[in-house]
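Examination of the molecular architecture
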Amino acid sequence: MADLPYRIVIGLEVHVQLLTRTKLFCGCSTQFGLPPNSATCPVCIGMPGVLPVMNRRAFDLALRAALALNCQIARFTKWDRKNYYYPDLPKNYQISQYDLPFSYDGWLEIPTPAGSKRIGISRVHLEEDAGKMLHDEQGGGRDSLVDLNRAGTPLLEIVSWPDLASPEEAKAYLEEIRLLLREIGVSDCEMQEGSLRCDANINIHIPQGDGPVIKTPIVEIKNLNSFRAVERAMKYEAQRQYEEALRDANYRLGQVAKATAGWDEVRGRTIVQRRKEEASDYRYFPEPDLVPVVVEDAWLEHARAEMGELPAAQRRRLVEQYGLSPYDAGVLTSQGRALVAYFEDVARRSGDARTACNWITNQVLASLKERKMEIKDFPLHSERLAELIAEQKAIGLNKQMAGEVYNHMLENGCSAKEAIDALGIKPVADTGALVEIVRRALAANPKAVADFKAGKTKAAQAIKGAVMRETKGTARPEVVEQIIVEQIEKTP
Ligand code: ZN
Ligand code: MN
């Protein structure tokens, strides 16, 4: 990024669906994928004369999320109507929060290549989702259908300050939000299912030698629906604004209004659509059918207690407590609490955190990926992996053999000892004894040692033969080879 002739300024507005069973102001189900319009009632389809009732569980989850995002919590908060017309919004208004959001002034720490960085969060508020439009693409766009199942689902809107300085940081911020909210059980943050959605505000600052810095008008890019889309759209839009600023004096002078844009995934470009609406366009006013919410200490304490350890704190703890590298701690944490718990159990049982971490970040993660499996369903339990680590040390299994034992355990659901037996590995129980035998064989074969050192690696065969004879074939040849090479290196 360092060689761009401009600085990128990005702020993100993220909407996440909360993991409640029912909607924000009625008892309809929030389950994804139900038949269209089956999870609806007079409240969420906007019939006149009905009254909304707040879902306290949604507010609980919202509080937990806001605390995890280091926000201040307003002790008094209210609801507002945001008025606009769209076919997926039968009431013609959305119940949201305007001037008194329930939380504000927070921050989220994100990992960047240059270390961790704090991204400011200006506010987090609670609101209801709209329905979904299904545009008939096969029919050439002749029909559009409305599904109101999603209408009234609780949404958390998280608005960051424009502290994100690159497309990569924007992506890292979103990934951290997803990890955090999943970990604390607030949202499943599935971008494909729309339970995490992102709008991005972006402009660029172009330094002009001694002159004033040119600041391009902010463009809001709507509905970015994958992490990759966010990164690509930010890259494209920054460069587009730069080129436009070079070409157009009005644009350069900031005489072009703020705009909204869409992202065309296929063509890989943003499409600027219209003047961006201002808050005043929505004619917000307080929702007359809902009472304001007063957050008592006990409620706040309850939400705090349900939060658990947050990913940033967990990364730090893994480094401090187990001596892991920040990179390894990041790999473990990014997979979720269940994998961290698995690691901690293996580390505790085996007494060797570093080896436990190596096994998990290499073989275990690869096996999970291959089997498209989560750690909770992984057949090789933590005590079994700890046992493999113990065996590996006790009998001096080399990397390749340990890998064979691991695969056998995984495929057959057996213990490390059983796998070693089944594979016919008959190691000399005591590696110390084997080392002694090798040393004696080396002392008896000085010529072979000299030849080996001179580059005749085949000379090791003679020594190996002697060792195998002496151990009557109970030593695993690979182990013998390994020890021979180690011991020859040690002989002067
Ligand atoms: Zn309903
Ligand atoms: Mn919103």
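Description of the structure in this document. Note that this is a predicted model, so its numbers are computed, not measured.

**Some details on the packing of aromatic side chains**
For the structure shown, the criterion picks out 11 aromatic pairs. When the centroid spacing of 4.9 Å and the interplanar angle of 40° are considered together, the rings of Y6 and Y242 count as tilted. One end of the pair, Y6, is in the segment before β1 (7-17); the other, Y242, is in helix α3 (residues 227-247), and 236 residues separate them in sequence. The pair Y6 / Y242 is uniform in exposure class, with both members buried. Ring centres of F25 and W79 lie 5.3 Å apart, and the angle between their planes is 85°; this geometry places the pair in the edge-to-face category. Taken together, the positions of F25 in the loop between β1 and α1 (56-68) and W79 in the loop between β3 (76-77) and β4 (80-83) put the pair 54 residues apart, joining distant regions of the chain. For F25, a relative accessible area of 5% puts it in the buried group.

**Comments concerning the coordination of the zinc ion (ligand 1)**
Here the zinc ion (ligand 1) is held by the protein donor atoms C26 (SG), C28 (SG), C41 (SG) and C44 (SG), which lie 2.3 to 2.4 Å from it. Classification of the site at the zinc ion (ligand 1) as tetrahedral follows from its 4 donor atoms and the range of 100 to 116° in their angles at the metal.

**Focus on empty space enclosed by the protein**
Under the defined criterion, the tally for this structure stands at 1 cavity of 30 Å³ or more. Its residues assigned to classes, the lining of the largest cavity shows 6 nonpolar, 2 polar and 4 charged.

**Quick notes on the sheet that holds strand β16 (residues 285-286)**
A sheet is described by the order of its strands in space; here 3 strands give the open sequence β5-β4-β16, paired in antiparallel fashion. Of all the strands in the sheet, the pair left with one neighbour each is β5 (93-96) and β16.

Procedures and definitions
Residues numbered from 1 in each chain as written. Chains lettered and ligands numbered in written order. Predicted model: local features only at pLDDT ≥ 70, side-chain atom pairs only at ≥ 80, totals over all residues. Heavy atoms only, no water. Phe/Tyr/Trp six-rings, centres within 6.5 Å; stacked < 30°, edge-to-face > 60°. Helix = DSSP H or I, 4+ residues; strand = E, 2+ residues; numbered from the N terminus. Buried < 20%, exposed > 50% of the residue type's maximum accessible area, 1.4 Å probe, protein only. Donors = N, O, S within 2.8 Å, 3.2 Å for Na, K, Ca; no water. Tetrahedral: all angles 85-135°; square planar, octahedral: opposite > 155°, others 65-115°. 1 Å grid on protein atoms, 1.4 Å probe; cavity = no way out; pocket = protein on both sides within 12 Å on 5 of 7 lines; lining within 4 Å. Points joined across faces, edges and corners; volume = space filled by probe spheres on them. Nonpolar A, V, L, I, M, F, W, Y, C, P; charged D, E, K, R; others polar. Pairing = 2+ DSSP bridges.

All quantities given are derived from atomic positions and should not be read as evidence of function.
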